[in-house]
Amino acid sequence: MKVTAPVLAFAMLSLAVGGAAHAADVAVAYDDGVRAFNADDIPTFAIAEDGTVDWPTFSGFRRYHAECHVCHGPDGEGSSYAPALKTSAMRMDYYDFLEVVASGRSRVGASDNSVMPAFGTNQNVMCYIEDIWTYLRARGAGELDRGRPERRADKPEAYAEVEAQCMS
Ligand code: HEC
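Basis of the calculations
Residues numbered from 1 in each chain as written. Predicted model: local features only at pLDDT ≥ 70, side-chain atom pairs only at ≥ 80, totals over all residues. Helix = DSSP H or I, 4+ residues; strand = E, 2+ residues; numbered from the N terminus. Buried ≥ 20, exposed ≤ 12 C-beta atoms within 10 Å, placed from the backbone. Contact = placed C-beta atoms within 7 Å. Axes fitted to C-alpha atoms, helices over the stretch in contact; angles between N-to-C directions. Parallel < 35°, antiparallel > 145°, perpendicular 65-115°, else oblique. Nonpolar A, V, L, I, M, F, W, Y, C, P; charged D, E, K, R; others polar. Pairing = 2+ DSSP bridges. Near = placed C-beta within 6 Å. pLDDT = per-residue confidence, 0-100. Core = buried A, V, L, I, M, F, W, Y, C linked by C-beta atoms within 7 Å.

Quick word on the overall build of the protein chain
Secondary structure assignment for the protein chain yields eight helices and five strands. When the helices and strands of the protein chain are placed in sequence order, the string is α-β-β-β-α-α-α-α-β-β-α-α-α. By residue count, 24% of the 168 residues in the protein chain fall in the buried class. The contacts of the protein chain with a sequence gap of at least 6 include a subset with a gap of at least 24, amounting to 60%.

Considering the packing of helix H2 (residues 55-67) against helix H7 (residues 129-140)
Between H2 and H7, the shortest axis-to-axis distance is 7 Å and the interhelical angle comes to 95°. Relative to H7, H2 is oriented roughly perpendicular. Between H2, through Pro56, Thr57, Ser59, Gly60, Phe61, Arg63 and Tyr64, and H7, the contact on the second element is made entirely by Glu130, Asp131, Ile132, Trp133, Thr134, Tyr135 and Ala138. Looking at the contact of H2 with H7 residue by residue, the class counts come to seven nonpolar, four polar and three charged.

Remarks on the sheet that holds strand E2 (residues 36-37)
Taken in spatial order, the three strands line up as E1-E2-E3 in an open sheet, and their pairing is antiparallel. The strands lining the two open edges of the sheet, one partner per strand, are strand E1 (30-31) and strand E3 (43-44). With two bridges joining them, E1 and E2 adopt antiparallel strand pairing. In the sheet register, Asp31 faces E2, and the bridge partner there is Ala36.

Let's talk about the site of the ligand
The immediate surroundings of the ligand are formed by 23 residues, with Cys68, Cys71, Ala82, Ser88 and Met116 found nearest. When grouped by side-chain class, the residues that make up the shell around the ligand number 16 nonpolar, four polar and three charged.

Some remarks on the confidence of the model for the protein chain
Per-residue confidence for the protein chain gives a mean pLDDT of 89; residues scoring 70 or more make up 85%. A low-confidence stretch, residues 13-21 (pLDDT under 50), is modelled with zero contacts involving residues beyond four sequence positions or located in other chains.

Regarding the nonpolar core
Ile47, Ile129, Ile132, Trp133, Tyr135 and Leu136 are the most contacted members of the largest nonpolar core, which totals 22 residues. Among the elements of the structure, H2, helix H4 (85-91), helix H5 (94-103) and H7 are those that each provide at least two residues to this core. If you tally residues by element for this core, the top one is H7, at six residues. Every residue in contact with Leu136, bar those within four places of it in the chain, is listed here: Gly76, Leu85, Lys86 and Ala89.

Structure (structure tokens):
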């Protein structure tokens with residue numbers, strides 16, 4: 001097939017756009033005093049040179065292992081029952097991730113009984129979902145080893161205020 005220049009340009013453009021949409025941007029652009037964000041205002045992790053993990057990401061480690069690990073396996077690694085969320089978090093759109101956690105999901109008509117529960121009314125999950133997200137992204141990006149982070153930052157004052165509001 002003879003490809004004309006404009007068609008080729010379009011194909012290359014859509015390739016570039018598609019590529020960008022799939023590359024997870026985990027770089028810290030700013031910090032609002034509660035947590036770090038990337039340039040698209042999506043929560044991200046902040047791990048210092050000496051390995052000190054920011055408080056929200058450390059919190060995400062704890063919450064993940066309290067609420068998700070029973071099905072999704074330790075350290076976001078996945079299990080025979082549910083997918084590896086360290087991979088999902090790198091692949092999924094943040095808002096799609098929130099939607100699945102809040103509303104749940106099940107494979108309708110599947111022969112295996114695979115159900116992701118809805119956590120939308122569970123404060124122990126929803127008040128910490130950004131934390132769980134940044135934890136999973138840190139795991140997926142290969143920036144955080146398996147297990148409990150050895151060093152963590154203290155809980156910021158502003159974080160404690162937001163947390164208290166959400167949990168009340
Ligand atoms: C009772 C078991 C169970 C628990 C607990 C659970 N999940 Fe799931 N989750 C699943 C199953 C099973 C699937 C796959 C559902 C499907 O195939 O549609 C899933 C799918 C997901 C997906 C979609 C992944 C993808 O790649 O499409 C996300 C995101 C997710 N879970 C997040 C969480 C988070 C965050 C928690 C903890 C707050 C959690 N899950 C707790 C069973 C569970």
